[in-house]
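# An overview of the molecular structure
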Number of protein chains: 2
Amino acid sequence: MERVMNVTKELFVKLTQNSLKDDEKVLLEGWVRGNRDNGKIGFIEFNDGTTFKNIQLVYDHELLSKEIYDKCAHFKYAGAIKVEGKIKLTPENKQPFEVVVIDAEVLGDVDEDYPLQKKRHSFEFMRDIAYLRPRANTFNALFRVRNILAYAIHKFFQERGFMYVHTPLLTTNDAEGAGQTFKVCEDLKNPTEFFNANTSLTVSGQLHVEPFALTFRDTYTFGPTFRAEHSNTSRHASEFWMIEPEIAFADLEDDMNLMEDFLKYIMSYVLENCKEEMDFFNTMIEKGVLDKIQHVLNSPFKRMTYTEGIEILKEAVKNGEKFEYNHIEWGMDLQSEHERYLTEKVVKGPMFLIDYPKDIKSFYMKLNKDGKTVAACDLLVPGVGEICGGSQREDDYEKLKARMEKEGNDKTLDWYLNLRRYGGCIHSGFGLGFDRLLMYMTGLSNIRDVQPYPRTPGSIKY
Amino acid sequence: MERVMNVTKELFVKLTQNSLKDDEKVLLEGWVRGNRDNGKIGFIEFNDGTTFKNIQLVYDHELLSKEIYDKCAHFKYAGAIKVEGKIKLTPENKQPFEVVVIDAEVLGDVDEDYPLQKKRHSFEFMRDIAYLRPRANTFNALFRVRNILAYAIHKFFQERGFMYVHTPLLTTNDAEGAGQTFKVCEDLKNPTEFFNANTSLTVSGQLHVEPFALTFRDTYTFGPTFRAEHSNTSRHASEFWMIEPEIAFADLEDDMNLMEDFLKYIMSYVLENCKEEMDFFNTMIEKGVLDKIQHVLNSPFKRMTYTEGIEILKEAVKNGEKFEYNHIEWGMDLQSEHERYLTEKVVKGPMFLIDYPKDIKSFYMKLNKDGKTVAACDLLVPGVGEICGGSQREDDYEKLKARMEKEGNDKTLDWYLNLRRYGGCIHSGFGLGFDRLLMYMTGLSNIRDVQPYPRTPGSIKY
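So, a few notes on the structure that sits alongside this text. (Residues numbered from 1 in each chain as written. Chains lettered and ligands numbered in written order. Predicted model: local features only at pLDDT ≥ 70, side-chain atom pairs only at ≥ 80, totals over all residues. Heavy atoms only, no water.)

Below, the discussion takes up the overall build of chain A. Tallying secondary structure elements over chain A gives 13 helices and 16 strands in all. Projected onto its principal axes, the C-alpha positions of chain A cover 85 × 60 × 40 Å. Counting the 462 residues in chain A, one finds 60% classified as buried. Of the contacts made within chain A by residues no fewer than 6 positions apart, 67% connect residues no fewer than 24 positions apart. Accessible surface, chain A as shown: approximately 18,500 Å² in total, 47% of it carbon and sulfur. Charge-centre separation for chain A: the mean point of 60 positive side chains lies 2 Å from the mean point of 73 negative side chains. (Helix = DSSP H or I, 4+ residues; strand = E, 2+ residues; numbered from the N terminus. Buried < 20%, exposed > 50% of the residue type's maximum accessible area, 1.4 Å probe, protein only. Contact = heavy atoms within 4.5 Å. Areas by Shrake-Rupley, 256 points an atom, 1.4 Å probe, with all protein chains shown as cover. Lys, Arg positive; Asp, Glu negative; His and termini not counted. Charge placed at Lys NZ, Arg CZ, Asp CG, Glu CD.)

Before going further, it helps to spend a moment on the packing of helix α9 (residues 306–318) of chain A against helix α10 (residues 336–346) of chain A. Residues and elements named next belong to chain A. Two elements in contact, α9 and α10, have axes separated by 11 Å at closest approach and are oriented at 85°. In this view, α9 runs roughly perpendicular relative to α10, as classed from their interaxial angle. Contact residues: G309, I312, L313 and A316 in α9; H338, Y341, L342 and V346 in α10. (Axes fitted to C-alpha atoms, helices over the stretch in contact; angles between N-to-C directions. Parallel < 35°, antiparallel > 145°, perpendicular 65-115°, else oblique.)

Once that is clear, we can look at the packing of aromatic side chains. Counted according to the given criterion, the structure contains 77 aromatic pairs over all chains. Between Y164 of chain A and Y220 of chain A, the aromatic rings sit 5.1 Å apart at their centres with planes inclined by 20°, giving stacked as the arrangement. Of this pair, Y164 of chain A sits in strand β6 (residues 163–164) while Y220 of chain A sits in strand β10 (residues 218–226), and the two are 56 residues apart along the sequence. Here Y164 of chain A matches Y220 of chain A in class, with each residue buried. Seen from their ring centres, Y462 of chain A and W415 of chain B are 5.6 Å apart, and the 85° between their planes marks the pair as edge-to-face. Here Y462 of chain A is found in the segment after α13 (434–442), whereas its partner W415 of chain B is found in helix α12 (residues 414–418) on a different chain. Judged on exposure class, the residue Y462 of chain A and its partner W415 of chain B are both buried. An aromatic cluster of three or more residues is present, and its members are F156, F157, F162, Y164, Y220, F262, Y265, Y269 and F430 of chain A together with F222, W241 and F434 of chain B. (Phe/Tyr/Trp six-rings, centres within 6.5 Å; stacked < 30°, edge-to-face > 60°.)

Moving on: the interface of chain A and chain B. The partner chain B presents 106 residues to the 106 residues of chain A that form the contact. Carbon and sulfur atoms supply 61% of the area buried between chain A and chain B, which totals about 9,600 Å² over both sides. Put simply, chain A and chain B have six salt bridges between them. Of the charged contacts, one joins D111 of chain A and R421 of chain B as a salt bridge, the two residues approaching to 2.7 Å between their closest N and O atoms. Where chain A meets chain B, there are 37 residue pairs in polar contact (both at pLDDT 80 or more). When grouped by side-chain class, the residues that make up the side of chain A that touches chain B number 56 nonpolar, 27 polar and 23 charged. Note that strand β8 (residues 183–185) of chain A and strand β8 (residues 183–185) of chain B share three bridges and pair antiparallel. Residue K183 of chain A lies in a different strand from β8 of chain B, and its bridge partner there is C185 of chain B. (Buried area = accessible area lost by both parts, 1.4 Å probe. Salt bridge = Lys/Arg side-chain N within 4 Å of Asp/Glu carboxyl O. Polar contact = N/O pair within 3.5 Å; in protein donor to acceptor, adjacent residues only side chain to side chain. Nonpolar A, V, L, I, M, F, W, Y, C, P; charged D, E, K, R; others polar. Pairing = 2+ DSSP bridges.)

All names here are of chain A. Tracing the backbone shows W330 in the loop between α9 and α10. By relative accessible area, which is 33% here, W330 ends up partly exposed. On a C-alpha basis, the gap between W330 and S200 in space is 35 Å, while along the polypeptide they are 130 residues apart. With sequence-adjacent residues up to four places away left out, W330 is seen in contact with Y306, T307, I310, P357, K372 and T373. Of the polar contacts made by the side chain of W330, one reaches the side chain of T307; its length is 2.9 Å.

Taken together, E67, E84, D103 and E105 of chain A make up a surface patch of like negative charges. Within the secondary structure, D103 of chain A is located in strand β5 (residues 97–108). (Patch = residues over 30% accessible without salt bridge, like charges linked within 9 Å, V, L, I, M, F, W, Y side chains within 5 Å.)

Moving on: the sheet that holds strand β3 (residues 55–60) of chain B. Residues and elements named next belong to chain B. The strand order around the closed barrel built from five strands is β1-β2-β3-β5-β4, with neighbouring strands paired in mixed fashion. Taken over all neighbouring pairs, the strand axes of this sheet differ in orientation by 55° on average, direction set aside. Bridging between strand β2 (residues 41–47) and β3 involves six bridges; their strand directions are antiparallel. Along β3, the bridge assignment pairs G42 with Y59. Helix-sheet contacts for helix α2 (residues 66–73) involve β1 (25–37), β2, β3 and β5 (97–108), and the interaxial angle to β5 is about 80°.

Another point: the environment of T181 of chain A. All names here are of chain A. You can see T181 is positioned in the loop between β7 (170–171) and β8. T181 sits in the buried class, given a relative accessible area of 12%. In sequence terms T181 and G79 are 102 residues apart; their C-alpha atoms lie 43 Å from each other.

This part is about the pairing of strand β11 (residues 239–248) of chain A. Residues and elements named next belong to chain A. Buried residues dominate β11, accounting for 10 of its 10 residues. Both faces of β11 are covered, namely the face carrying E239, W241, I243, P245 and I247 and the face carrying F240, M242, E244, E246 and A248. Bridge count between β10 and β11: nine bridges; the pairing is antiparallel. Residue pairing in the sheet places Y220 in a bridge with P245 of β11. In this structure, β11 lies alongside strand β16 (residues 427–433), joined through five bridges in antiparallel fashion. Its bridge partner being in β16, A248 is matched across the sheet by H427.

Given 3.6 residues per helical turn, the α-helix brings residues three or four places apart onto the same face. All names here are of chain B. Listing the buried residues of helix α7 (residues 275–285) in full gives E277, M278, F280 and F281. What you see down the axis of α7 is that its buried residues fit within an arc of 150°, all on one side. Those residues of α7 that are buried lie in contact with α4 (137–159), α6 (252–273), α8 (289–298) and α13 (434–442). (Arc of directions from axis to C-beta.)

Residue and element names in this part refer to chain A. Within helix α5 (residues 206–216), 11 of the 11 residues are buried, which leaves the element mostly enclosed by the surrounding structure. Along α5, the residues classified as buried are Q206, L207, H208, V209, E210, P211, F212, A213, L214, T215 and F216. Phi for R217, located one or two positions after α5, is positive at around 75°.

We now examine the relation of the copies chain A and chain B. For the pair chain A and chain B, the relating rotation is 180°, the translation along its axis is 0.0 Å, and the fit reaches an RMSD of 0.0 Å. This pairing of chains is accounted for by a two-fold axis. Judged by C-alpha distance, V184 of chain A is the residue of chain A that lies nearest the rotation axis, at 2.4 Å. Here 100% of the interface residues in chain A have copies in chain B that are interface residues too; the copies meet face to matching face. (Least-squares fit on C-alpha atoms with pLDDT ≥ 70 in both.)

Right, let's get into the pairing of β2 of chain B. All names here are of chain B. The pairing of β1 with β2 spans six bridges and is classified as antiparallel. Across the sheet, residue N35 finds its bridge partner in β2, namely I44. Hairpin connection from β1 to β2: three residues lie between these consecutive antiparallel strands, with G39 at a positive phi of about 90°.

All names here are of chain A. In total, this model carries 59 salt bridges over all chains according to the counting rule given. Between R127 and D449 there is a salt bridge, with the nearest N and O atoms lying 2.9 Å from each other. In this pair, R127 is assigned in helix α3 (residues 123–128) and D449 in the segment after α13, connecting sequence segments 322 residues apart. A salt bridge links K292 to E286, with the shortest nitrogen-to-oxygen separation between them at 3.2 Å. Three or more residues are tied together by salt bridges with common partners; here these are E210, E246, R393 and R420.

Next up, the structure:
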């Protein structure tokens, strides 16, 4: 077999270049997404995976032998077929062209128990057939956007000279004490044998990427991270992808500028390269999701200190605002409802909340001159609240050491501390959960619906 | 602080555009990679991480106050500094420009116990200071090439419309029975509790990407994989990155064409984008590595069947060739020495060895009409032997089922089998170990030296 087939993407490209001609011969392979006929003429919705949109194949009894017509009429939903046909331009129709069938054959048949029939299925049901759901419109669109978003991330960083670092997933430390880790071993009865150490799956690549930033200036990791939390919510997965840039000679302000540039770039890239998919989400999943993203793109990201934020929230409560957690005081961890109040009601747009109390943030964040707050920022956006967070890192050896000792970090992170004694400098970074960003951009409200094969407590089918 | 610094990469770009001017002011931040002076004039080798090459900073007692001169003279090796200076073009020298210091300050000092001094260290020693070794020339060059190679992979696939799929790392099956897997659990005493299943780290994303190929046609994964093998060799790591494309409506021939196009693209991309780094490897690590890669780029990849290969090897033994494993017979697994004989002595270039005996290959490979061999290929290259392998996948439900039952695969892969009943088609793919490719391209002979933080049996420092 020679792979000299046409693909539908190529036909759409030719169409936009005005080089797709009537009667042009095409040879297509792909899948049946719909098939109906009235004994005289029939229509196949056809998709070969290269475009989100289906194209229409027409089979006409006046142009075909009875044998070929009948073969077409019996093509099953979801079957793989091969079609020889010719282009018919239909500029007056919704579909700008169709393919008139000359010959066709089945490549892969479909058994009767095929679970993904042409009807509405619940997302819960779809999760149970994760290996087939990419064929359904919502998930087809989703995985296309997921691909483009992932590439946009690499493109942004590479065009700016950032170095991609494959930080390790197997570690002996839990990075930021950020929740439960999964243990890893070869032999469950002798778990430290293989590596001669307690080994777990990483919760963050940040600590491992810092040495690279202190060599190459601008760096990033983009890879899987893990949390063994028993949080069975719509926003928690046990395995998810994180983007973690780390930049040297850069303070919190530089970090926020990078976050803003980065988010705007990747969002624009998706809007430009996934028009049909994003229209689908805007119509079928979250009405207004396009406006929501456009609003972020068109807004400067404002800054507000945590302390200001607390004052505003206190004032709001005084004026009758009802939060579920209504007792606002300096030092508290903000709830999503508080974050959303600030970004939706006060700033009415994306905002950085900065300079958090040191006790509610990680040990590696730079202590501000006030001795009480750290140079950290959370980016809050309307509709969800916090979407990512970053900080300037503590570059003072003694301060970091004291903080680490207080938190009980053992000797395994001495190397991290030593970076401050060996040509250290001001540096900063942030972490962005890729899957949650995808939820935000598509309007899908469950993290299980934006991952190829989600892993959550009690659930690891496939 | 505003991040309006110059970076050396930008200066080199301006130089090639003839827009770098004498006396142009620059503000630089970076690290000292060498410093010597004679009391009247001094020279700093300076690197800010944006280029592999250092640039030279000159401090001259006639142009500086004694205080600034002395400060410069005391800059320590590996320290972080900030420098204000002006460009002096030196077209007659090896270095096309230098920076004459106007003012300078230390940003990050270096303690006396800094382990990476300016002298030759062994690679073994460097592994022990993995968090500092990116600053050493060999590793600096290596991680630059690693970054460019990773991006080239995404670029190749994205430009051709392939869909990137984040296949899961936590799995309940071991894909191809390809060696020992690491177990994963939250609680060592109750290892199945968290997911309600025996869970391990993936050895391959292939099985999980096939459903996507059967939806989107052209797909790939590129992510970490794991092997809990006690192989303490220079080519085995417990954690490494794999590239696994999977293409639908494509047979073994299409697969081999893709492998050839892919390898030639990414190799060319590295040669074009890492000139200085590759020159370094060619001079310092493997003399002739550039010729070796050029030879691959300029050769058509030949095809030879396994059966022909066995005949040739038998003939060679008859004619006096001495292999360590000298008993050649059909059905055997070839050793590296046999592969190298075929690619180096017989074909004298890259070659695909195809149609292997089914009993030495994986269950998912397409059985050929002879009933004895499978449509698999290994790509052999001079200098190393096998560098990657691929196959057409078995698309016949009954044949695959029989093969899986014979190998004792349990019900957990029923979904994989079902793909053959639900609109399946001819499809193929291959797997390429990213780290081993990097070894091949740089001449570094130990996998521990091409990974940021290598994990091997007994070794998980950092």
